[in-house]
Amino acid sequence: MYDPGTTRYPTRPPVVIYAPTPYPPVYWHDYYYGQPWYWRMWHRPVYYGTGGGGWGISWLSVVGFGIGIWILLGFVSATMAKRRRR
């Protein structure tokens, strides 16, 4: 755990770390909350360490991926329908 007095963002909830890392927890806390909001919306404040693959993916990234696939399928469907009409 980290000391809230040593971080730049003491009012934010702590970043959860699941594996040993070469940096202290304060580093990951400041790193996560130092990112812009539009980068943080894709990741949860959970770091799985070097063995787990990095930041955990949030539900918003899954929804965004689903919407992207839906748009791509709609574009492909519209293109194929346009070709069939010719």
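Residues numbered from 1 in each chain as written. Predicted model: local features only at pLDDT ≥ 70, side-chain atom pairs only at ≥ 80, totals over all residues. Heavy atoms only, no water.

Visitor: So what's going on with the overall build of the chain? Residues and values would help.
Guide: Helix and strand content of the chain: 4 helices and 3 strands. Counting from the amino terminus, helix and strand elements in the chain follow one another as β-α-α-β-α-β-α. Residues classed as buried in the chain amount to 22% of the 86 residues present. Sequence-distant contacts in the chain: of pairs separated by 6 or more residues, those separated by 24 or more amount to 31%. For the chain, the exposed surface amounts to about 6600 Å²; the carbon and sulfur share of it is 67%. (Helix = DSSP H or I, 4+ residues; strand = E, 2+ residues; numbered from the N terminus. Buried < 20%, exposed > 50% of the residue type's maximum accessible area, 1.4 Å probe, protein only. Contact = heavy atoms within 4.5 Å. Areas by Shrake-Rupley, 256 points an atom, 1.4 Å probe, with all protein chains shown as cover.)

Visitor: Can you tell me about the confidence of the model for the chain, naming the residues and giving the values?
Guide: The pLDDT averaged across the chain works out to 84; a share of 86% of its residues lies at or above 70. Confidence scores differ between elements of the chain, with helix α3 (residues 49–52) showing the lowest mean pLDDT of 56 and helix α4 (residues 59–85) the highest of 91. (pLDDT = per-residue confidence, 0-100.)

Visitor: Help me get a handle on the side chain of D30, residues and values and all.
Guide: Along the chain, D30 falls in helix α1 (residues 25–33). Buried charge without a partner: D30 forms no salt bridge, and the closest opposite charge is R8, 4.1 Å away. At 3.1 Å, the side chain of D30 forms a polar contact with the backbone nitrogen of R8. When neighbours within four sequence positions are excluded, D30 is seen to be in contact with T7, R8 and Y9. (Lys, Arg positive; Asp, Glu negative; His and termini not counted. Salt bridge = Lys/Arg side-chain N within 4 Å of Asp/Glu carboxyl O. Polar contact = N/O pair within 3.5 Å; in protein donor to acceptor, adjacent residues only side chain to side chain.)

Visitor: Got a sec to walk through the environment of Y27? Specific residues and values, please.
Guide: By secondary structure assignment, the location of Y27 is in helix α1. You can call Y27 partly exposed: its relative accessible area is 35%. Through-space distance from the C-alpha of Y27 to that of V15 is 9.8 Å; in sequence the pair is 12 residues apart.

Visitor: Can you tell me about a positive patch on the surface, naming the residues and giving the values?
Guide: Positive charge collects at one region of the surface, where K82, R83, R84, R85 and R86 lie side by side. Residue placement: R84 occurs in helix α4. (Patch = residues over 30% accessible without salt bridge, like charges linked within 9 Å, V, L, I, M, F, W, Y side chains within 5 Å. Charge placed at Lys NZ, Arg CZ, Asp CG, Glu CD.)

Visitor: Quick rundown of the packing of aromatic side chains? Include the residues and the values.
Guide: Taken as a whole and assessed by the stated rule, the structure comprises 10 aromatic pairs. On the basis of an interplanar angle of 75 degrees and a centroid distance of 5.9 Å, the ring pair of Y23 and W28 is categorised as edge-to-face. According to the relative accessible area criterion, Y23 is partly exposed, its value standing at 43%. On the basis of relative accessible area, W28 is assigned to the buried category, the value being 7%. Here the aromatic rings of Y27 and W28 are separated by 4.9 Å at their centres, their planes lie at 80 degrees, and the arrangement is edge-to-face. (Phe/Tyr/Trp six-rings, centres within 6.5 Å; stacked < 30°, edge-to-face > 60°.)

Visitor: Break down the environment of M41 for me, with residues and values.
Guide: Along the chain, M41 turns up in the loop between α2 (37–40) and β2 (43–47). Sequence separation between M41 and L60 is 19 residues, and the spatial gap between their C-alpha atoms is 6.9 Å.

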